[in-house]
Amino acid sequence: MNNSGDDRLRSAWAKQTDQSLNVDLANAEANGLRRQADIARRDRIQRLSAAVGGSSWLAVIWFLPDLRLVSVTGLFIAGWVTWQMHRRSGARLLSAPIDLPCLVFQRALLERERTLASSLPKWFLLPVAIFQVAIVATFATNPRFTTSQFYPEGVVLFVGTAGVTLVVIWRRWQRQAMELQRELEAISVSGLSSSESRS
């Protein structure tokens, strides 16, 4: 989010009082802190996974030159996914440096995370699917694999497992996007009710 967006959030946070919304602000603050902690934990795990995966692919590039097609592709995609997660994550949304809870900030955080989840096919599933194609191409052209007596079964098992895994990941993030949307709708209803009560 740009600086002007951060400034608007800080302004909304500073102006909010316990009487400005017909909601439990203590509960809203607790929910916001909980979600921020969840986001931070998720991002740390993702960065650690990318570091381990990237190091592994660098080792493959160095020690197994006949697997460079798949290793270079894997290294590039690990960097791509890490960058996209960093760029799209709710952790990029800075909170205002004061103690009052802010429903506006919580809404912006939920919207950012919903966008992250709903755009998963574009920034995650497509590159990872391309990576699976590179792996299958390596299986099909590298004597290290084609000479194995279990080559056909191995290819079928890999393709099936990779396909099921991608579907499971997609469905999980779709459920998360729907949960975030429901939370956003609940916040909007609370804000609408408070506006009607004040008018």
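Our structure's up above, just so we're on the same page.
Before going into details, it helps to say that this report is about the structure given with it. (Residues numbered from 1 in each chain as written. Predicted model: local features only at pLDDT ≥ 70, side-chain atom pairs only at ≥ 80, totals over all residues. Heavy atoms only, no water.)

## Quick word on the packing of aromatic side chains
For the record, the criterion: Stacked, tilted and edge-to-face pairs are distinguished by plane angle, under 30 degrees for stacked and over 60 for edge-to-face with tilted covering the rest, among Phe, Tyr and Trp rings (Trp via its six-membered ring) whose centres lie within 6.5 Å. We count a stretch as a helix when DSSP gives it H or I for four or more residues in a row; a strand needs E for two or more, and each element gets its number in order from the N terminus. Between buried and exposed lies partly exposed: a residue is buried under 20% and exposed over 50% of the maximum accessible area for its type, with that area taken using a 1.4 Å probe on protein chains only.
Under the criterion given, the structure shown has five aromatic pairs. On the numbers, 5.5 Å between centres and 85° between planes, the contact of F139 with F158 is edge-to-face. Of the two residues, F139 sits in helix α5 (residues 120-141) while F158 sits in helix α7 (residues 151-198), which places them 19 residues apart along the sequence. Looking at F139, the relative accessible area reads 18%, which means it is buried. By the ring-pair criterion, three or more aromatic residues cluster together here, those being W123, F124 and W173.

## Comments concerning the packing of helix α3 (residues 68-88) against α5
The angle between the axes and the distance between the axes are what describe a pair of packed helices. Applied cut-off: For helices, the fitted axis covers only the stretch in contact; all axes are lines through C-alpha atoms, and the angles between them, taken along N-to-C directions, range from 0 to 180 degrees. The cut-offs work like this: below 35 degrees is roughly parallel, past 145 is roughly antiparallel, 65 to 115 is roughly perpendicular, and the gaps in between are oblique. We call two residues in contact when some of their heavy atoms are within 4.5 Å. Three classes are used: nonpolar for Ala, Val, Leu, Ile, Met, Phe, Trp, Tyr, Cys and Pro, charged for Asp, Glu, Lys and Arg, and polar for all others, with Gly counted as polar.
The interhelical angle for the contact between α3 and α5, taken along N-to-C directions, is 175°, at an axis separation of 10 Å. Looking at the two axes, α3 sits roughly antiparallel to α5. Together, L69, V70, T73, G74, I77, W80, V81, Q84, M85 and R88 of α3 and K122, W123, F124, P127, V128, F131, A134, I135, A137 and T138 of α5 make up the contact between the two elements. When its residues are assigned to classes, the contact of α3 with α5 shows 14 nonpolar, four polar and two charged.

## Thoughts on a nonpolar patch on the surface
As a reminder of what qualifies: What makes a patch is a set of residues exposed beyond 30% relative accessible area and free of salt bridges, joined within 9 Å when like-charged and within 5 Å when nonpolar (Val, Leu, Ile, Met, Phe, Trp, Tyr). Per-residue and other accessible areas follow the Shrake-Rupley method at a 1.4 Å probe size, with only the shown protein chains counted as cover for residues. By salt bridge we mean one thing: a side-chain nitrogen of Lys or Arg within 4 Å of a carboxyl oxygen of Asp or Glu.
Together, W62, F63 and L64 make up a nonpolar patch on the protein surface, roughly 400 Å² of accessible area in all. Secondary-structure assignment places F63 in helix α2 (residues 25-63).

## Observations concerning α5
The condition is simple: Helix span is expected to be 1.5 Å times the residue number reduced by one.
For α5, spanning 22 residues, the distance from its first C-alpha to its last is 31 Å, which sits close to the expected 32 Å at 1.5 Å a residue. Taken residue by residue, α5 has L120, W123, F124, L125, P127, V128, F131, Q132, A134, I135, T138 and F139 as its buried positions.

## Notes on the pattern of salt bridges
A side chain with one charge can pair with a side chain of the opposite charge if their charged atoms come near. By the definition in use, this model includes six salt bridges. Between E183 and R35 there is a salt bridge; the shortest N-O distance is 2.5 Å. With E183 in helix α7 and R35 in helix α2, the pair connects residues that are 148 residues apart, well separated along the chain. According to the relative accessible area criterion, E183 is partly exposed, its value standing at 26%. Across the salt bridge formed by R144 and D66, the nearest N and O atoms sit 3.0 Å from each other. Of this pair, R144 sits in helix α6 (residues 143-146) while D66 sits in the loop between α2 and α3; the two residues are 78 residues apart in sequence, bridging distant segments of the chain.

## Some points on the side chain of N142
Rules: Polar contacts, as used here, are pairs of N or O atoms within 3.5 Å; protein pairs need one atom able to donate a hydrogen and one able to accept it. Residues neighboring in sequence count only if both atoms are side-chain atoms.
Mapped onto the secondary structure, N142 falls in the loop between α5 and α6. One polar contact links the side chain of N142 to the main-chain amide nitrogen of R144, over a distance of 2.8 Å.

## Focus on α3
Worth spelling out the cut-off: Throughout, the arc means that of the directions going from the helix axis to the C-beta atoms.
The terminal C-alpha atoms of α3 lie 30 Å apart, and with 21 residues this matches the ideal 30 Å at 1.5 Å per residue to within 8%. When we look at burial in α3, the residues that qualify are V70, S71, T73, G74, I77, A78, V81, Q84, M85 and R88. The buried residues of α3 occupy an angular sector of 160° when the element is viewed end-on, so they sit on one face.

## So, the environment of L125
Within the fold, L125 resides in helix α5. Linking L125 and L166, residues 41 residues apart in sequence, is a C-alpha distance of 7.0 Å. Those residues in contact with L125 that lie beyond four places of it in its chain are L120, L166, I169 and W170.

Geometry only, nothing functional implied.
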